[in-house]
Structure formats: C-alpha cells, structure tokens
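This is what each chain is made of:
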Amino acid sequence: MLSACITCILNALPIVSYIIMLSFSLNFILYISGRVSLTFAGIYLVGAYVTVSLGTFFLGNTFSLPAFLAILLAVSLMGAAISIIIYGIFERFLTTDVHRMIATSSLLMVFSGIVKLNWGTTPVTYSAPFLKMGTSEIVGSIVPNYYLFMFGFAVLLMLALAYFLYRTTWGLRFRASSLDGDRIMAQSCGVNQNLVTMITFGISGMLASLAGGLYAPIAGASYGIEGNALLLAALTIIIGGVGSIGGAILTAFMIGIARVVTAIQMPILELAVPFIIASATLMIRPFGLWGKELKH
Amino acid sequence: MADNERMPLLLSVNKLRKYYGEVKSVNDISLEISQGQVLTLVGANGAGKTTLLNLLTGLVLPDQGEIRLLGDKITGVPPDQRAKRGIVKTFQLEHVFEGMTVFDNVRTACLSSAGKHYAFFKHVDDEREIIDKTNQLLDMFDLAKVGRTLVKNLGHGYKKVIDIAMCFAMKPKILLVDEPTSGVGEEEKCRIMELLMNQIQANNLAAIIVEHDLNLVKELGKETIVMCEGEFIARGTPDYVFNQEKVIEILVGKGF
Amino acid sequence: MNTEAIMAIPPKRGGTLLWTLALTAFAVLIPFFISGYQRTLIQKSLLWIPAVFGVYILYSLLRQVHFGQSIFIGLGSYVTAFLAGKYYVTNELLILLPAGLIITIIFAYVLGIFITKRTGFYFAVMGIAVTMVFWSLVYKARTITGGSDGISHIKHPCLATFPLSDLGFYYVCLVVTVCMILLMQRILNSSFSLQLRAIAGDLDKAESIGIPVKRMQNLAFTIAGANAGVTGVLLAFAYNYVGPSTFDWGYGGNFVQSAIIGGVNSFAGPIVGVFGFINLEFFISAWFADLWEIIIGLTIAIIVVTVGEEGVTGIAQSLFARIKSKMKNTKESTYKNG
C-alpha cells in the first residue's frame, strides 16, 4: 500500500512540477500586476518546441547536463523576452481585463499558427535527457532520474522566487505593488510601476517557457498542448487562490496525483477530476483554498 | 420617548459582535428601534459605525449575536432579501449606477421593489406603473429636471440624493443612512438633510443616520448615540450627550 | 465616445426591426442568385448568429467574456446526432429543437451556478475548462460518441413530417434565426436586462436594492447557453456530422471574436460580426491557407487594441455621426453666408 502510494507520487512528479511552474507563471501576473494575460500558454508552447529543436540540433542522441542546462537558459531568456515584448506592445492600449483577455486569447491563436507554420502539426520529440539520465530506486520503486531532476528544478525555482519576494528589497517593492499591497501607494513611495510590471511579465514568461522546456523531453511537443497548459494553470489558481506559493505547490500535488490516479483507474475522467475539484472549491471557498478575499 | 413606546418595535439587535483580527469593530452591541424613531450615530473614524450598518444590511455577517426584524430572526438572511423586507441602506461613498441615467437608476430600484426580476419579454418602457412610480420619486426628491442625464456627469450632491431616492423606492421600513453629507459642500449639506428628514417624517420611517458633522447632528436634535471602539458609550439628546466628559474626550478636535 | 454610456442605454425600439427586415429580405432572396456552396456559407452565418448573441448578452449585460459557447453548441449537436443519427428516434425538427433546447438549458443552468460564481478572468477560464472537460469526455468515450471519428450519417431533417430539401432547410434556419433575433431584442429591452446592467455597474448597490444578483446572472448565462443550443441542433443537420472538435475551446473563442469584430455596443454588432468573421475565415483560408490562424488572431488583437469593443458597427456609427454633424455645419454655414 505504502509502496503503491510512493510509486504514485513519484510518477506524478513531472506533472506536478509542470503545474507548479505554469500556474505560478499565471499567478505571478495576476498577483503582482493585477492584470490578466493568457499569453503564458503560448510561450509555453513555443518553449517546448524550441527546446526540442535546439536539443535535437545540438545534442541529438547524446546528452550532457551542462549543455541541456544551457539550452534551458536560452529558452527561458527567450520566453522572458517574448513576454516583455508583448507586454510592451499591447499593454499601453489595453485598459480593462476583458480587453486583455480577448486580445491575449487571440495572440494564443497567433502562437499556435506560428508553431504550425514552422513545425507542422505532427508531434516532435526529443527524449535523450529522459532516456540517458538513468533511473534510481526509492523505497522499492524505480523512478527515472529525469523526474527527480525536473521536480528539483521546479522547487529550486520556487525557492528562489520566494527568496526574491520575501527577503530582498526588490521583492518588497513587488509585494507593495501586489494585490495585497496598494499600487498607487507604492507608486507614490517611488516604486516604478512600469518596471515592476515589466519584470513581472518577464519572470512569468521565463517560468512558462521553462515549463515547456522541461516537460518536452517527457511528453514531446505537439500542436494544441497550450490548451491543456492554460486549463491546468487556471484550475490550479481557482483551487489554490491567488498569491500563495505554498498553496500553489500543494494544489499542484493535489491535481497531479489525482490525474495520475485517474489516468490509471478511469482514463475518461482525466480532465474532469481537476475541474470537479475546482467547482467544489468555488462552492465552498470562492476565493480558493489558500487565497485571500480580493476585490473582484 | 413615551411616544415611541406605543409604536411597534421594528428592529432589535442582541449582542452583535464582529471582530476583524484584533480590532473589535462591533463589540456586543444591543439596540432596539421602533417605527418613526430616528437615531443619529456619531463617533470617530474606525469606531465601527459603518460595520454596524453593514451587519444590519447583511453585507457583513456577524461573529455572534442576532438581529430580529418585527420579531423574525434575520441574522443569516442575504442582503437582497433584507432589502425586500425593509432594511435599506445608503452608502457612505456614493454607490450609484454611474453609466445609467438618473431615471434608469431609480427605475431599477422600483422594478426590484416590485419584484419584476424575471420579466424577460416585456419592454421596460411598457411597465407603466413602474414609470409612474419612478416619476413620482423623481418629483419627491427634486430630480425630475436631471432625469435624462447620465449619473456620472452629475456632482456629489446629486449622487447622494439619487442614492437616497433609490432607497425610498424600496419602500423601506427602516432606513440606514451612512454619512449622507460627506464630501458635499455646506449649502448642499443642509438641502440634502432637509429632503431626507422631510421624507422620513412623511413616511413615518425609522432611521439610523451616521453623521460626522456634529453641528448638523445638534441641529437635527434627534436621539444621539456615540460609538467608540465598537461600543456605545453615550446615548441621549445631543445636548446631553455632547456635554459628557468622555464624549468630548473622544470627539475633541472634531470641530466641537 | 464613451463606451460605458452607450452600454447603459438599451437599444432603441424600431431600429432593430428595420435591421432584421433588411437581413431577412436579403437572406430570402439570395439563394436564387448564388451557388449551393455559397448558400451553405450564408446558412452557416445565419446559424452562428444565435450563438454569438449569447456571447453578446453576457458581454453587454454581465461584462463577462464567455469562451464556452462551444459547450452548448456541442451539447445541442450531440443530442441531434444521437436522436437523428446513431440511436435513430426521429428526424422531426419540431421534436429535436425543443429536446436540444431543454438539455442545453438544464446543463447551462447547472454549470452556470459554478461559472457565474466569480467574474472576469475566472468566469472566462471556467468556460474554457468546461469545454475542455466535455471535449475529453467525448473524445475518450469511443463506444458512445465515436471518439475522434464523431458521428456522421445524420438523417435529413423533416418539419411537421414533411422531409426538407437543402433549400427548405436553409429557409427553416432563416426563420429560426430571425425568431431568435427578435426574441433577443425583447430580452435586451426588458426590465430583466435593465437590472443586469445595474448589476454590472455596481454589484453592492444592486444587492442593497434587493436584486437577486447571482440568480439573475445565472439566468442570463442560461439564456446565452440556450441560444447556442439552438445553433448546435441546426448545425448538426447542416454539416451532417458531429465530432469532438465542436467542443474545442478555440471554436468557442470564434464566437467571441465574431462579436468583437461586429462590436458589442450595438444590437446589429453580432449580425455584422458573424458575416464578417465567416467571410474573413473563408477568404483567408482560400488565399493563405497556412496563415489563417495568424491573420485572424492578429486582426482581432488589432481590433481590440485600436477600437476596443466598438467593432465595425461602432466605427460605422461614429463615422455616421461625424458626417451628420459635418452636414449640419455646412448647412448652417451656407445659411449664414446666404
């Protein structure tokens, strides 16, 4: 029984880390800048494809950790750049959340159009890191090392983010401008709102493209995966609430394990289970399990 | 006082309590109001006046205690139901439907009080009774000449009056008025107060009026309650209350 | 021009009737002048109109974006496909339309409880989530729904036991759409809508004057869903095929995009928007097949960025107003000079 549980948790690790990064990519924008953006899903899509292309081009079937990390770094910088550019172009024209939602959902179409044009609609794969990293044994269950690597990477990212937010002066500026703080007050205390929002979008793009890059060796990249990413990230925020790193991680575990279990027991309900959890949360605590009651 | 006792008891509040963390916003307050009774509520900022009104309308739910309207317990009843039963509140910062005309603002309130929520197929302009009632209310509050103006193009004073007119459309039994004159010039202040008091008396309503302007409170001369840190500390006529030592201590520096 | 101001004033009476008459006259006569393929395009546009009106209602009354119209289109379509195709019961439109409507209304009401619980981003995302859940259910339940193959061989419809030709079905669609437009006009002018506009303006105040906010919002959502249900039932016959792609959230997004092209501040918006979107889609996919997602996506983004929610009808209105005032000015000046 115990070993079955552990196997289940270990198998859920990749999807958990994927949900952590994606949901926090969205959460960060919602919490710090108080804006809405769906472009993170498009950046995730591009991140996955670019990782696959770079990986097969530079590494092929061989694998070396530093080179893979370098690819991930490049991908994350690209994601941040795309996110900041889109913010720079569109933000000044968009005044309400409704407009932002429609505009960014149209941009998602553009992203998937570009991917279709460049890579076609057949899935592409690059599984060398996953295959070459080997496996290890934890309490009797065998787990690919890549799972552990991916989870470790996600947790480290979250720790770094938490350190940044709660221990540095720049983090204080971010929190002062967040939904818990007061943007106008922060601005009158000399916090450059434009810069804060821009960096927020940059970090969000970085997390989204890293999620794509890290998940690509396991699942490959295929046309249309951005819908799933958007769904899981958004449901995580509905369940966990906005602005809590711990809450996001716990929710990610909840959804990830629920998905792994249903995928084995009842594959037909794989997507329905997170949705049912989210609906139940909305009825009990409309602002999420760990969320604070916000203005809207 | 003797006069009021013959009037039926409208609202009774028993040991109502609401804490926000460490702050005791409303601390075990009990209160009774009968028909036709007007109370003025004064107190420094953060004394819990607005919280008390929000508890009564149901926008905030209490930690403890109960509220009874005409003997029925309404502690857990949602705000829209309470409004239908006759507890209606105006807001401190004017809450009006900014993008609609004055006429439509009042008409919405009339429709709601007539219970016409689910009339899907009848054109709004065909609801003759509602339109008549709306016009009547606009006349009552001197708003007829701005009826077709969008509310957001009007000044603070007008918005306050519209807010009050919408409350009257609900056929209230007890009116909770949260600072009807805040952010309004001296002259308008008196005009709004006069309109309000006239209508309250004409309809024989009970009312709780929260007011910052102590001169105005004195002028009204109604029974006054002083609130501090979630508790009532003095109650009586304005002259009596404002001469109490602890009241002066609290309200000192407030122009009194 | 201030959008909020226009939103709040219900559409004028009479104007929409003229629009609808013009549209009807056009749609009645056009089949005699065009090929069968062009007729199916117009038929598709007509059928989209109710669904887009659903988005329009939620946008103009609740100020929410509804990406989930595909849920109800899919439900309507699958009900039709089951009853008139796979588990053949009847192909009678007079039975199928009410059946589809009842099922979509039930689903819309129940889902609405969750979806209208929150606003803004969460509302939109719950819409997307529901479509994706339905998509995965339909995709994976192969034995019942045929999975990715979908259900084809839907019997041709008949109306009051008379079998319909393609042209006859076209006219049925026209009649249904015109009825739906008139119905929507009634609803948008009703006291129900006035109160919903008030809720969108100030929720706390609306609650304090006794408007049952959540229930009314849920009913608006249900009306939107029922509209899409009608579209769904008829689309299943029009395509003679139903597949899981009806539940695609991108497909639901197309209805939002149509509404945005047309503009959500005037009653003609959805009608103009649908014709605009479907023509755009047709020409772009004919000329640059690979680029159509990019072009449509960029077009919508540019429209939102430049004119917001005014759309084509908004631009036309402000142009018209400008010309009118110019003409007035010139008249006055000539009068003065003369």
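Please refer to the structure higher up on the page.
As the structure is a computational prediction, the values presented were derived from the model and not from experiment.

Thresholds applied
Residues numbered from 1 in each chain as written. Chains lettered and ligands numbered in written order. Predicted model: local features only at pLDDT ≥ 70, side-chain atom pairs only at ≥ 80, totals over all residues. Helix = DSSP H or I, 4+ residues; strand = E, 2+ residues; numbered from the N terminus. Rg over C-alpha atoms; globule rule 2.2 N^0.38 Å. Buried ≥ 20, exposed ≤ 12 C-beta atoms within 10 Å, placed from the backbone. Contact = placed C-beta atoms within 7 Å. Axes fitted to C-alpha atoms, helices over the stretch in contact; angles between N-to-C directions. Parallel < 35°, antiparallel > 145°, perpendicular 65-115°, else oblique. Left-handed = near helix turned anticlockwise from the far one by under 90°. Pairing = 2+ DSSP bridges. Nonpolar A, V, L, I, M, F, W, Y, C, P; charged D, E, K, R; others polar. Expected span 1.5 Å × (residues − 1). Core = buried A, V, L, I, M, F, W, Y, C linked by C-beta atoms within 7 Å.

1. Overview of the overall build of chain A
When its secondary structure is counted, chain A shows 12 helices and two strands. For chain A, the sequential pattern of α-helices and β-strands runs α-α-α-α-α-β-β-α-α-α-α-α-α-α. A globule of 296 residues ought to have a C-alpha radius of gyration of about 19 Å, and chain A, at 19 Å, matches this closely. For chain A, the spread of C-alpha atoms along the principal axes amounts to about 55 × 45 × 35 Å. For chain A, the proportion of its 296 residues judged to be buried stands at 49%. Within chain A, contacts between residues at least 6 apart in sequence are counted, and of these 78% link residues at least 24 apart.

2. As for the overall build of chain C
Counting secondary structure elements, chain C contains 15 helices and four strands. For 338 residues, the compact-globule estimate of 2.2 N^0.38 gives 20 Å, and the C-alpha radius of gyration of chain C, at 21 Å, lies within 12% of that figure. Along the longest, intermediate and shortest principal axes, the C-alpha atoms of chain C span 80 × 55 × 40 Å. Going through the 338 residues of chain C one by one, you find that 56% of them count as buried.

3. Structural notes on the packing of helix α3 (residues 65-90) of chain A against helix α9 (residues 193-219) of chain A
All names here are of chain A. Put simply, α3 and α9 touch, their axes get as near as 7 Å, and they point 140 degrees apart. In terms of their interaxial angle, α3 and α9 are classed as oblique. At the point where α3 passes α9, the crossing takes the right-handed sense. In this structure, α3 uses L72, V75, S76, M78, G79, A80, I82, S83, I84 and Y87 to contact α9, whose residues at the interface are M198, F201, G202, S204, G205, M206, A208, S209, L210 and G213.

4. A few points about the sheet that holds strand β6 (residues 87-90) of chain B
Residues and elements named next belong to chain B. The mixed open sheet is built from six strands, whose spatial order is β6-β7-β8-β3-β9-β10. Only two strands of the sheet have a single neighbouring strand rather than two, namely β6 and β10 (231-236). Across the sheet, the mean angle separating the axes of adjacent strands is 20 degrees when strand polarity is ignored. Taken together, the five bridges between strand β9 (residues 223-228) and β10 define a ladder with antiparallel strand orientation.

5. Here we look at the sheet that holds strand β2 (residues 23-34) of chain B
Strand pairs in the sheet, formed through backbone hydrogen bonds, run parallel or antiparallel to each other. All names here are of chain B. Taken in spatial order, the four strands make up an open sheet running β2-β1-β4-β5, and their pairing is antiparallel. Looking along the sheet, the strands with just one partner apiece sit at the ends: β2 and β5 (72-73). In the sheet, strand β1 (residues 9-20) pairs with β2 via eight bridges, with the strands oriented antiparallel. By the bridge assignment, L16 is partnered in β2 with I29. Contacts between helix α2 (residues 49-57) and the sheet are confined to β1, β2 and β4 (64-69), with β2 contributing the most and set at about 60 degrees to the helix.

6. What to know about the interface of chain A and chain C
Counting from both sides, the interface comprises 37 residues of chain A and, opposite them, 36 residues of chain C. Contributing elements (two or more residues each) for the side of chain A that touches chain C: α4 (97-119), α10 (225-240) and α12 (272-284) of chain A. With 16 residues, α4 of chain A is the single largest residue contributor to the side of chain A that touches chain C. Counted by class, the side of chain A that touches chain C contains 26 nonpolar, eight polar and three charged residues.

7. Some words on helix α14 (residues 292-307) of chain C
All names here are of chain C. Taking 1.5 Å of rise per residue, 16 residues should cover 22 Å, and α14 covers 22 Å from first to last C-alpha, within 8% of that figure. For α14, the complete set of buried residues consists of W292, E293, I296, G297, T299, I300, A301, I303 and V304. Positioned one or two residues after α14, G308 has a phi angle of 65 degrees, which is positive.

8. A closer look at the nonpolar core
The biggest cluster of nonpolar side chains holds 272 residues, and the ones touching the most others in it are L22 of chain A, A165 of chain B together with A129 and A220 of chain C. Considering each element in turn, this core owes the most residues, 16 residues, to helix α1 (residues 2-33) of chain A. If near-sequence neighbours (up to four positions away) are discounted, A129 of chain C is found in contact with L231, A234, L235, F275 and A278 of chain A.

9. Quick notes on the environment of A80 of chain A
Residue and element names in this part refer to chain A. Here A80 shows up in helix α3. Taking the C-beta count within 10 Å as the criterion, A80 has 22 such neighbours and is therefore assigned buried. Sequence separation between A80 and F40 is 40 residues, and the spatial gap between their C-alpha atoms is 10.0 Å. If sequence neighbours within four positions are ignored, A80 has contacts with G202, G205 and M206.

10. Considerations on the packing of helix α4 (residues 69-86) of chain C against helix α6 (residues 121-140) of chain C
Residues and elements named next belong to chain C. Remark: α4 packs on α6, axes separated minimally by 8 Å, with the N-to-C direction vectors making an angle of 35 degrees. Where α4 approaches α6, its residues S70, I71 and G74 are matched on the opposing element by V130, T131 and F134. Residue classes in the contact of α4 with α6 are distributed as three nonpolar, three polar and no charged.

11. Observations concerning the interface of chain C and chain B
Opposite the 27 residues of chain C that make contact, chain B presents 35 residues. Of all the secondary structure elements, the ones that give two or more residues to the side of chain C that touches chain B are α1 (3-8), α8 (166-188), α9 (191-201), α10 (203-208) and α11 (213-239) of chain C. If one sorts the elements of the side of chain C that touches chain B by residue count, α9 of chain C sits on top with seven residues. Here the residues of the side of chain C that touches chain B sort into 13 nonpolar, seven polar and seven charged.

12. As for helix α12 (residues 249-262) of chain C
Helix length check: α12 of chain C, at 14 residues, gives a terminal C-alpha distance of 20 Å against a target of 20 Å (1.5 Å per residue), a fit within 8%. A large share of α12 of chain C lies buried, amounting to 13 of its 14 residues.

13. Looking at the environment of K214 of chain C
Mapping K214 of chain C onto the fold places it in helix α11. The spatial distance from the C-alpha of K214 of chain C to the C-alpha of T116 of chain C is 7.2 Å, given a sequence separation of 98 residues.

14. Examining the pairing of strand β1 (residues 135-138) of chain A
Residues and elements named next belong to chain A. The pairing of β1 with strand β2 (residues 141-144) spans four bridges and is classified as antiparallel. Note on β2: the bridge partner recorded for T135 is P144. As consecutive antiparallel partners, β1 and β2 are separated by two residues, and within that stretch V139 has a phi angle of approximately 40 degrees, a positive value.

15. Describing unusual backbone geometry
Of note in the backbone geometry, D28 of chain B takes a positive phi value of approximately 50 degrees without being a glycine. Positionally, D28 of chain B belongs in strand β2. Judged by the 13 C-beta atoms lying within 10 Å of it, D28 of chain B is partly exposed. With phi around 70 degrees, T161 of chain C is a residue other than glycine that occupies positive phi space.

16. What about the arrangement of the chains?
Taking contact number as the criterion, the leading pair out of two pairs of chains in contact is chains B and C. No part of chain A reaches chain B; the closest C-alpha pair between them is 13 Å apart.

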